[in-house]
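# Coordinates in review
One letter stands for each residue in the lines below.
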Protein chains: 2
Amino acid sequence: MSICQPLSPDARALLEAEARTEMRNLVGWHLEQVEETWRLVKTYRTASFLQSLALAERIARLAEAENHHPAIEIAWGRCTVSWWTTRLHGVHANDVRMAAATDELLFGG
Amino acid sequence: MSICQPLSPDARALLEAEARTEMRNLVGWHLEQVEETWRLVKTYRTASFLQSLALAERIARLAEAENHHPAIEIAWGRCTVSWWTTRLHGVHANDVRMAAATDELLFGG
């Protein structure tokens, strides 16, 4: 048996409850399962491929500043951002905060 | 009935055969179905999130120059590129050439 064990059921339940509480204020984000991990996902519409890339570049600066990184898919007319926490195979309250910060970055005052 | 019709079976068969011929020289690419569309996909490993972004920026310049755009997913340590042709719901010989050009751009002489 390895020294490091997965989260206890109690810890997992607490972390999930905390994430759900934070999620109540998010608009346009949904949960999506990729392999064994739940991700918090939103697609932003854009007017070109380069606009999608520009969004990714702005989100990258936020991610570097927090040292917490999403996946970003850029394509013509859309930029899809996914936040998750690898150790949890799921969404932590911090991911919800990063999602809110992404909205704020792209649309905020 | 709308004026524009899908490709005839003969045209589709010819285009698929042409794409398959071109694909013989590709290394590390595979076909992946996303919704109703087949894409030509490769994941490049990187050493950070910003390196993944830098690959995306280089591929974006190639895509803009050819006015043919992939989807690129960047994440910490990997950059995944997908080429397809929307009208075909699949891979055209041009997508195979863009895949080869992507390899050449990132690793070529």
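The rules we used
- Residues numbered from 1 in each chain as written.
- Chains lettered and ligands numbered in written order.
- Predicted model: local features only at pLDDT ≥ 70, side-chain atom pairs only at ≥ 80, totals over all residues.
- Heavy atoms only, no water.
- Helix = DSSP H or I, 4+ residues; strand = E, 2+ residues; numbered from the N terminus.
- Buried < 20%, exposed > 50% of the residue type's maximum accessible area, 1.4 Å probe, protein only.
- Contact = heavy atoms within 4.5 Å.
- Areas by Shrake-Rupley, 256 points an atom, 1.4 Å probe, with all protein chains shown as cover.
- Buried area = accessible area lost by both parts, 1.4 Å probe.
- Salt bridge = Lys/Arg side-chain N within 4 Å of Asp/Glu carboxyl O.
- Polar contact = N/O pair within 3.5 Å; in protein donor to acceptor, adjacent residues only side chain to side chain.
- Pairing = 2+ DSSP bridges.
- pLDDT = per-residue confidence, 0-100.
- Axes fitted to C-alpha atoms, helices over the stretch in contact; angles between N-to-C directions.

A few words on the overall build of chain A. Along chain A, the regular secondary structure elements total three helices and four strands. Scanning chain A from its N terminus toward the C terminus, one meets helices and strands in the order α-β-β-α-β-β-α. Counting every position in chain A, which comprises 109 residues, the buried fraction comes to 45%. Contacts spanning at least 24 positions in sequence make up 60% of the contacts within chain A whose residues lie at least 6 apart. Put simply, chain A shows about 6,500 Å² of open surface, and 54% of that area lies on carbon and sulfur atoms.

Attention shifts here to the interface of chain A and chain B. When the parts of a complex come together, some accessible area is lost, and that lost area is often used as the size of the interface. On the side of chain B, 18 residues touch chain A, which itself brings 18 residues to the contact. Between chain A and chain B lies a buried interface of about 1,500 Å² when both sides are counted; carbon and sulfur atoms form 67% of it. If you sort the residues of chain A by the area they bury against chain B, A:Phe49, A:Ile72 and A:Glu73 come out on top, with a joint share of 29%. Remark: the boundary between chain A and chain B carries two salt bridges. The partner of B:Glu73 in a salt bridge is A:Arg39, with the nearest N and O atoms 3.8 Å apart. Joining chain A to chain B, the criterion identifies two residue pairs in polar contact (both at pLDDT 80 or more). Within the residue set of the side of chain A that touches chain B, elements represented by two or more residues are helix H2 (49–66) and strand E3 (71–75) of chain A. Take the side of chain A that touches chain B: its biggest share by element is seven residues, from H2(A). In terms of strand pairing, E3(A) meets strand E3 (residues 71–75) of chain B through three bridges, oriented antiparallel. Residue pairing for E3(B): A:Ile72 is matched across the bridge by B:Ile74.

Residues and elements named next belong to chain A. The sheet contact formed by strand E1 (residues 30–34) and strand E2 (residues 37–45) spans five bridges and is antiparallel. Paired with Val-34 across the two strands is Thr-37, which belongs to E2. Hairpin connection of E1 to E2: two residues between the antiparallel strands, including Glu-35 at a positive phi of 50 degrees. Note: E2 against strand E4 (residues 78–83), six bridges, orientation antiparallel. Within E4, the residue paired with Tyr-44 across the bridge is Cys-79.

Before going further, it helps to spend a moment on the environment of B:Leu15. All names here are of chain B. Its location among the elements puts Leu-15 in helix H1 (residues 9–23). Residue Leu-15 is classed as buried on the basis of its relative accessible area, which comes to 17%. As for Leu-15 and His-69, which are separated by 54 residues in sequence, their C-alpha atoms are 19 Å apart. If sequence neighbours within four positions are ignored, Leu-15 has contacts with Leu-7, Leu-88 and His-92.

Residues and elements named next belong to chain B. Its location among the elements puts Phe-49 in helix H2 (residues 49–66). Owing to a relative accessible area of 0%, Phe-49 belongs among the buried residues under this scheme. As a C-alpha pair, Phe-49 and Gly-77 span 28 residues in sequence and 6.0 Å in three-dimensional space.

Low pLDDT marks regions whose predicted coordinates should not be analysed in detail. Taken residue by residue, chain A gives an average pLDDT of 92. The fraction at 70 or more is 98%. For this predicted complex, the interface confidence comes out at an ipTM of 0.88, alongside a pTM of 0.90.

The next subject is the sheet that holds E3(A). With respect to topology, eight strands assemble into an open sheet ordered E1(A)-E2(A)-E4(A)-E3(A)-E3(B)-E4(B)-E2(B)-E1(B), the strand pairing being antiparallel. Each having just a single partner strand, E1 of chain A together with strand E1 (30–34) of chain B make up the two edges of the open sheet. Averaged over all pairs of adjacent strands, the angle between strand axes in this sheet comes to 30 degrees, irrespective of strand direction. In the packing of H2(A) onto the sheet, the strands contacted are E2, E3 and E4 of chain A together with E3 of chain B, and the crossing angle to E3(A) comes to about 165 degrees. Across the sheet, H2(B) is in contact with E3 of chain A together with strand E2 (37–45), E3 and strand E4 (78–83) of chain B; its angle to E3(B) comes to roughly 165 degrees.

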